Amino acid sequence: MLRKVIALAALGLALSAGQALASGTTNRAPKHVEFGFEGPFGTFDQAQLQRGYKVYREVCSSCHGMTLMSFRNLGQKHGPFYDADRPNPNDNPYVRAIAAEYQINDVDSETGDVIQRPGSSADRFPNPYPNEAAARAGNGGALPPDLSVLIKARHHGPQYVYSILTGYANPPAGLKVSPGQYYNPYVPGDLAAFWTGDSHHVPPGGFIAMPPPLRPDGVTFDDGTRATVEQQAKDVVAFLTWAAEPKMIERKQFGMAAMIYLLILAGLVYASYRRIWRNVAH
Amino acid sequence: MAGHHPTYEPKTGFERWLDLRLPIVRMAYETAVAFPTPKNLNYWWTFGGILATMLVVQLATGIVLAMHYVPHVDHAFNSVERIMRDVNYGWLVRYMHANGASMFFIAVYIHIFRNLYYGSYKAPREILWIIGCLIYLAMMATAFMGYVLPWGQMSFHGAVVITNLLGALPVVGEAITTWLWGGFAVDNPTLNRFFSLHYLLPFVIAGLVALHIWALHVPGNNNPTGVNVKSVEDTVPFHPYYTVKDGFAIVIFFIMFAGFVFYGPNLLGHPDNYIPANPLVTPAHIVPEWYFLPFYAILRAVPDKLGGVLLMFGAIGVLFVLPWLDTSKVRSMRYRPTARWYFLIFFITCLVLGWCGAKLPDDPVIPNLSTFILGDSDLNSYVWLSRIATAYYFAYFVIILPVLGLTETPLPVPESISAPVLSHPAAAPAGAAAAPESRG
């Protein structure tokens, strides 16, 4: 009995360790929203990634950089513009066209002059600001975080980002909101110092310097999907999840093969074990 | 079958020639094939083999990662992400290495608790146990420095918190900290030396593992009864009996490992470590990796910094003298009806300490309940729960085990390993010695 208790407890420790790290905050728990990329068989929907890229491109990228992303990534396997007929992203016309829309700072190799040239698939996504000081100056002192791995850098990243984007609310009466700040119940924070109402009922959440970025029909989706705020948020979260973990599908597919292999191997080794030990009393 | 033990006989001319000059094949044969092993080892004994396998996994993946990683404060974070994105199967190698560290600690903790329950540290295995404690220490140092290398927010601020602890030591503390940092703050020199040491220490561990196995092969394995091997009837050759049993356990362990690597690769990590290190922004809640949480709780249980540091190191130090603290002549707790319950409480205490280590010290354990302020904090707080658990942790080693060995009446211990084995699973005859497993 004792041994079983210990075994169960050890298993519990292993499984709960990750959860134990989450700490208590005053913000509202993220909304429950399901994404197609979740779960062991989840995959990215290419049409959704394309819509998400459009939201990033037309809305987010005016303030947020994605320094780890290159244009070629858009055309790699499981990416938004992957084309099985052109597996090399450098041959992908969408990738080339998207890259060419940008002007990239460079140095003329003949003269050494600073020039601008059209982007190529090898170029990184250009940053909206030349440096951090410029980014802060343009955003009331706040620094828009880089979005490359943002989804992995937040607890329940996809749900959290979706909740922020769709969770803006009118500040409750009695909450003092400074200019350039916006109330959002899903942002971690402590509003007690800004709250003039009942001290036992401080509103959840905190302030964020980003104005509500998404408007209904703020972008026009090429595939005819209605661009509600929820739809835009869902699509851009899918895109950001892909950007944070571009090898996710490859990982899950590899994992399925590895699991099948290990289960068969376990069966074979267990059968060998039973056979080798069959004449030993133990 | 069980009584027959193979011996090494060189078969070819070359093997006979080599055997007279460097009997390395003979040594390998006697270590991994012929080695007589008690036939009653249960699955708790497979974690030695699992640990050896995990060490190989960590070395192999780590060497590949080092080919691509850049140990510089400006490039470390992005070089890790480059491994994830642009290196062929880099995501696999990196996730195996990061989760492999956690798997290594799961296995080592089970290995240590198995040891504590079955009294494997007792004579004549004290040196074996002490080498094991040294391996555990080296593992902790390696894991800590490895976690710093991605240079995320938790890497950086964890390194600041832990290295600052040494500053609490009187007289030499500040000098040691400066020397460790290679400057006056955690910065590029710190990252460089941590990378160097993170590469070095695993090979130190490998050397210690060789000594650990050597020290194991002199007295041989302990076993669930704790009774010494009396005759060849009690043993089977290591190969194929335990290669296949360990092999099965390793495959099962790898299924769990693969579950984390492929389906929850970031579950055991902290999201803040995907934010590049920024010395000017301190995370709201700095927590170490899960395997350090019990020690973190002990550290924070003491209001005085130096006292906390000493107690934290003492929690590991006390393990080194355990063979001389436990006064009981009976090894296995199967035959120690009282000690068994204290052991269970000890195990739960370690889990509670880990839980406390993940929480803010002043937060209430039971939500929305304030009792009364005791000393510096409400009694219903994690800091007081940590204190109670810390007190039991040390009491178990320095009070309970020494006293219990003298006062407890153990159950009758079987004559030999074969005695209970041969009567099992026949209807239990009178006499406790006959079927001790059923009482476990």
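Residues numbered from 1 in each chain as written. Chains lettered and ligands numbered in written order. Predicted model: local features only at pLDDT ≥ 70, side-chain atom pairs only at ≥ 80, totals over all residues.

(A) Broad picture of the overall build of chain A. The helix and strand inventory of chain A stands at 7 helices and 4 strands. The C-alpha atoms of chain A give 25 Å as radius of gyration, which overshoots the globular expectation for 282 residues (19 Å, by more than 25%). C-alpha atoms of chain A, sized along the principal axes, occupy 80 × 65 × 40 Å. Within the span of chain A, comprising 282 residues, buried residues form 30% of the whole. Long-range contacts, defined as pairs at least 24 residues apart, comprise 59% of the intrachain contacts of chain A with a sequence gap of at least 6. (Helix = DSSP H or I, 4+ residues; strand = E, 2+ residues; numbered from the N terminus. Rg over C-alpha atoms; globule rule 2.2 N^0.38 Å. Buried ≥ 20, exposed ≤ 12 C-beta atoms within 10 Å, placed from the backbone. Contact = placed C-beta atoms within 7 Å.)

(B) Just the overall build of chain B, in detail. When you go through chain B residue by residue, the secondary structure sums to 16 helices and 4 strands. The C-alpha atoms of chain B give 24 Å as radius of gyration, which agrees with the globular expectation for 440 residues (22 Å, within 12%). In terms of overall dimensions, chain B has a C-alpha envelope of 70 × 65 × 45 Å along the principal axes. Burial statistics for chain B: of 440 residues in total, 41% are counted as buried. Looking at chain B alone, contacts between residues at least 24 apart form 73% of all its contacts between residues at least 6 apart.

(C) How the structure looks around the pairing of strand S2 (residues 114-118) of chain A. Residue and element names in this part refer to chain A. For S2, the tally of buried residues reaches only 0 of 5 residues, placing the bulk of the element at the surface. Pairing geometry for strand S1 (residues 103-107) and S2, over 5 bridges, is antiparallel. Across the sheet, Val-107 pairs through a bridge with Val-114, a residue of S2. A loop of 6 residues connects S1 with S2, the two strands running antiparallel in sequence, and Gly-112 in this loop sits at a positive phi of about 80°. (Pairing = 2+ DSSP bridges.)

(D) Seen up close, the packing of helix H3 (residues 47-68) of chain B against helix H9 (residues 188-217) of chain B. All names here are of chain B. Packing of H3 against H9 brings their axes to within 11 Å, and their N-to-C directions diverge by 155°. When the interaxial angle is binned, H3 and H9 end up roughly antiparallel. Between H3 and H9 lies a crossing whose hand is left-handed. Seen from H3, the contacting residues are Ala-52, Leu-55, Gln-58, Leu-59, Gly-62 and Ala-66; seen from H9, they are Tyr-199, Pro-202, Ile-205, Ala-206 and Val-209. Each residue belonging to the contact of H3 with H9 can be placed in one class, and the counts come to 9 nonpolar, 2 polar and no charged. (Axes fitted to C-alpha atoms, helices over the stretch in contact; angles between N-to-C directions. Parallel < 35°, antiparallel > 145°, perpendicular 65-115°, else oblique. Left-handed = near helix turned anticlockwise from the far one by under 90°. Nonpolar A, V, L, I, M, F, W, Y, C, P; charged D, E, K, R; others polar.)

(E) Broad picture of the environment of Phe41(A). Mapped onto the elements, Phe41(A) comes out in the loop between helix H1 (2-20) and helix H2 (46-58). Note on Phe41(A): 9 C-beta atoms within 10 Å, which makes it exposed.

(F) Layout of the environment of Ala395(B). Residue and element names in this part refer to chain B. Structurally, Ala-395 can be placed in helix H15 (residues 382-407). For Ala-395, a count of 15 C-beta atoms within 10 Å corresponds to the partly exposed category. Note: C-alpha distance between Ala-395 and Met-154 (241 residues apart in sequence) is 33 Å.

(G) Here's a closer look at the packing of helix H6 (residues 126-148) of chain B against helix H7 (residues 153-166) of chain B. Residues and elements named next belong to chain B. Where H6 contacts H7, the two axes come as close as 8 Å, and the packing angle between them is 135°. Judged by the inter-axis angle, H6 sits oblique to H7. Taking contact as the criterion, the partners of Phe-144, Tyr-147 and Val-148 in H6 are, on H7, Ser-155, Gly-158, Ala-159 and Ile-162.

(H) Summary view of the confidence of the model for chain B. Residue and element names in this part refer to chain B. The predicted model of chain B averages 92 in pLDDT, with 94% of residues at 70 or higher. Note that residues 425-440 has pLDDT below 50 and, in this model, 26 contacts with residues that lie over four places away or in other chains. Here the predicted complex scores 0.90 on pTM and 0.89 on ipTM. (pLDDT = per-residue confidence, 0-100.)

(I) Quick peek at the nonpolar core. Core analysis: the biggest nonpolar cluster contains 89 residues, and Ile50(B), Phe104(B), Ala107(B), Leu353(B) and Cys356(B) have the highest contact counts within it. Within the second largest apolar cluster, 40 residues are counted, among which are Phe44(A), Ile151(A), Val161(A) and Ile275(B). (Core = buried A, V, L, I, M, F, W, Y, C linked by C-beta atoms within 7 Å.)

(J) Focus on unusual backbone geometry. Residue and element names in this part refer to chain B. Going from Ala-123 to Pro-124, the amide bond is cis rather than trans, its omega being 5°. Here the residue pair His-239 and Pro-240 is connected by a cis peptide bond, since its omega of 5° sits within 30 degrees of zero. Along the chain, Pro-240 falls in helix H10 (residues 238-263). Phi at Tyr-89 is positive, roughly 55°, even though this residue is not glycine. Following the sequence through the fold, Tyr-89 ends up in the loop between helix H4 (76-85) and helix H5 (90-118).

(K) H2(A), seen in detail. Residues and elements named next belong to chain A. Helix length check: H2, at 13 residues, gives a terminal C-alpha distance of 18 Å against a target of 18 Å (1.5 Å per residue), a fit within 8%. Those residues of H2 lying buried are Gln-48, Leu-49, Gln-50, Arg-51, Gly-52, Tyr-53, Lys-54, Val-55 and Tyr-56. Of the surrounding elements, those touching the buried residues of H2 are helix H6 (229-244). (Expected span 1.5 Å × (residues − 1).)

(L) Quick look at H15(B). Residue and element names in this part refer to chain B. Where H15 bends most, the angle comes to about 50°, and this point is Ala-395. Within the span of H15, buried status applies to Tyr-382, Val-383, Trp-384, Leu-385, Ser-386, Arg-387, Ala-389, Thr-390, Tyr-393, Tyr-396, Ile-400 and Leu-401. Packing partners of the buried residues in H15 comprise helix H11 (293-301), helix H12 (305-320), helix H13 (322-325), helix H14 (337-357), strand S3 (373-374) and strand S4 (377-378). (Bend = angle between axes of the 7 residues up to and from the residue.)

(M) A look at the confidence of the model for chain A. Looking at chain A, pLDDT values average 90 and 91% of them are 70 or higher. Between residues 8-24 of chain A, whose pLDDT stays under 50, and residues either more than four places distant or in other chains, the model counts 19 contacts.

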